[in-house]
Every structure is written in structure tokens, then in C-alpha cells.
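Examining the three-dimensional arrangement
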Amino acid sequence: MEKKEWRLVHLHYIVGSNRRLLARVIQQDPELTHLYDWDKQNWKTIFNLPDKKASAIVSQLHLQAIKQKIVQFAEQYHIITIFNIRYPTNLLEIPDPPFVLYLQGNLEILSHSPNLSVIGTRYPSQTARSVMNIILPPLLQENFLFTSGMALGIDGYAHETALANCSRTIAVLGSGFYHIYPTQHQYLYQQLIQENLVMTEYPPDHPPKKYYFPERNRIISGLSFGTLVIEAKEKSGSLITVDQALEQGKEVFAVPGNILADTSAGCHQLIKDGAKLVQKSEDILEEWHAKQLAIQS
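Residues numbered from 1 in each chain as written. Predicted model: local features only at pLDDT ≥ 70, side-chain atom pairs only at ≥ 80, totals over all residues. Heavy atoms only, no water.

1. Description of the overall build of the protein chain
In plain terms, the rule: Counting from the N terminus, the helices are the DSSP runs of H or I reaching at least four residues and the strands are the DSSP runs of E reaching at least two. The globule rule used for comparison is 2.2 Å times the number of residues to the exponent 0.38, while the radius of gyration itself is calculated over C-alpha atoms. For the area figures, the Shrake-Rupley method with a 1.4 Å probe applies, and any residue is considered shielded solely by the protein chains shown.
Of regular secondary structure, the protein chain possesses 13 helices and 9 strands. Relative to the globule expectation of 19 Å for 297 residues, the C-alpha radius of gyration of the protein chain, 20 Å, shows essentially globular dimensions. Once the C-alpha set of the protein chain is aligned to its principal axes, its extents read approximately 60 × 40 × 35 Å. For the protein chain, the exposed surface amounts to about 14,000 Å²; the carbon and sulfur share of it is 49%.

Encoded structure:
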């Protein structure tokens, strides 16, 4: 890593959840040349931080143990910062891009197109797998890549479908690599890093936290041209991803289901709100081809 990237990874480790502060630091010092020179008073004055927070940042920036951790992380994983030429263009275009990405696997597929995020409930109905087996494989035959969150249920099915069809898939985690979650997907994780890609904005030693999962959803939708919701309850984490997709100007697709099933209520509401109803793969392919024609014209 270049010095600027190294400094960003270091600061991100310390204040990573405070992306607004990271943005302000980069705006104030684009090359991060003053990062280790600022004292507590500088952090308080320039960034309007309380005394305790400013002291903690200065202390941790000069803590050798944290610097050694960064070295270890760089040896174990690929690390791409927002300054890097390999940083995915799609993420640069979203309102709140991650500053640092930790990755394992095949970096070549990071900017693969077309990319479709496939999401849904952790507790799908018995028919969900059958529905996915009808809609997803034809998309894979058209060179689609699926991005999802490696959660139980629909997410896991999406990754497994891609693997079964020898196709590409990306998993975006809500934790660091030392804390693979859910634990039931340890084997899936090991499969994915062989020829596909697993990524996270959280440093490897960061365990999952409740708010990490809605945060990571913006990356799932941001990497793709559109988001397909297979099944979702009326109030679910999947709909947070949809909100992120809409904010990013992405397409939203929803599969209708049984009107008596809770897991269909969210999809039906999305369709009422204007999401494209999907019954077959062609419904998604039409939108993708129309998007390509619009770009070419």
C-alpha cells in the first residue's frame, strides 16, 4: 500500500464507524500528511471533537500495537482503499461509499458486470428454493454475477446457486474475517474465497454488531445494477437494502408470493410501490438490456 492508503487504513481502524469524520479528515488533508502530526488540540479545534475523543484518536494513532495489526491484516488479506485504482467504480457513485475494503478471493470479479444483488428473508418458505431455481440459473447463463450478504436463507441460497452453476458471486459481510457470521456458513465462506469473493468494510478483528448489517447493505446494493427481493416480511432487513438501492438510483425487482404468507408481504408492498414484478428471468434481463441501450445512446 502507498503511504496515503496505509494512513487511511490506520485511521479507519480507529474511527471506522464514524465515516463522517473520515470524510472531513480527507477533505482537510487529502494526502493525510498531517495525520500523525496533529495533537489533541488540533483534533478538537479542526474537527470539533470532545476532549476525550480527541485524546483517544491521538493515543491510538501512535500505538505500536495497532500499527502491527495493520501490517498483519495487509499480510493476510487484500485491502483496497477509496484512493486505490482497483476500488469499484459502482461504489464511488453511491452517497456513502466505504473508505476501506477488506477482501478475500478473486479480485478480478469485483467490478464484474452485470451484477445483481439477490436478497430476502433468513427464514424463507418451502417454495423459495424452487422459485430461485427457476429465476436465477438463466441469469447466470447470461453471465450475471450475484451479490448478497451470506446470511441464512435467501442470501445463502443465492451464493449456493451461483456455485452450483460454476458462476460468480460476491458476499458482503457484516463483520470482520476473524468472526464469520453466521457460524453455520463457515463452509460456504471457505468455498467462496476459493474462486469467488468475500468482502467487508470492517477490520478482521471486529465482531458482528447489530448496526453493521444495515450498514453493509448499501455495499450490496451499491455493487449491483439492481436488487432482486425473493421473499421479505413487511418489516425486514431486506427492505433496508431496497431503501439503499433506491437512494442509489438502482433498479428494484420483487417476486410475488402467497398472499397468506408473511414472507411475501414485503415483496407485495414493494410491487405496490413501483418495484418491477418478477415471474421469470426475462423480466430482469429486459431491464438490463434496456439500461445498456440507454447508456449506448
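2. Some words on the sheet that holds strand E4 (residues 145–148)
Within a sheet, neighbouring strands are paired by backbone hydrogen bonds and run either parallel or antiparallel to one another. For clarity, the cut-off: Any two strands with at least two DSSP-identified bridges between them are counted as paired. The contact criterion used is simple: two residues touch if any of their non-hydrogen atoms lie within 4.5 Å. For helices, the axis comes from a line fit to the C-alpha atoms of the stretch in contact; other axes are also lines fit to C-alpha atoms, and the angle between any two N-to-C directions lies between 0 and 180 degrees.
Spatial strand order, E1-E2-E6-E5-E4-E3-E7-E8-E9: 9 strands in an open sheet with mixed pairing. Strand pairing shows two members of the sheet lacking a second neighbour, strand E1 (78–81) and strand E9 (276–277), which therefore form its edges. As defined by bridge partners, strand E5 (residues 169–172) adjoins strand E6 (residues 197–200) across 3 bridges and the pair is classed as parallel. Paired with Ile 170 across the strands is Leu 197, a residue of E6. Its contacts with the sheet place helix H1 (residues 3–15) against E1 and strand E2 (100–105), and it is angled at close to 100° to E2. Across the face of the sheet, helix H9 (residues 186–195) comes into contact with E2, E5 and E6 while running at roughly 110° to E6.

3. Quick notes on the packing of aromatic side chains
Note the cut-off: Classification of ring pairs uses Phe, Tyr and Trp, with its six-membered ring standing for Trp, and accepts pairs whose centres are within 6.5 Å; under 30 degrees between planes counts as stacked, over 60 as edge-to-face, and the remaining range as tilted. Between buried and exposed lies partly exposed: a residue is buried under 20% and exposed over 50% of the maximum accessible area for its type, with that area taken using a 1.4 Å probe on protein chains only. Whether a charge sits over a ring comes down to the Lys NZ or Arg CZ being within 6 Å of the ring centre and within 35 degrees of the ring normal.
Under the defined criterion, the tally for this structure stands at 16 aromatic pairs. Here the aromatic rings of Trp 38 and Phe 47 are separated by 5.4 Å at their centres, their planes lie at 70°, and the arrangement is edge-to-face. For the pair Trp 38 and Phe 47, one class covers both residues: buried. Each ring, one from Trp 43 and one from Phe 47, has its centre 5.2 Å from the other, and the planes form 40°; the classification is tilted. Here the residue Trp 43 and the residue Phe 47 both occupy positions in helix H3 (residues 40–47), the gap between them amounting to 4 residues, near one helical turn. Given a relative accessible area of 2%, Phe 47 falls into the buried group. One aromatic cluster is present, built from ring pairs that chain together Tyr 13, Phe 73, Tyr 77, Tyr 102, Phe 177, Tyr 178 and Tyr 189. When the ring centre of Phe 83 is taken as reference, the NZ or CZ atom of Lys 4 above it lies at 4.3 Å. We note Arg 129 situated over the ring of Tyr 157; from NZ or CZ to the ring centre the distance is 3.8 Å.

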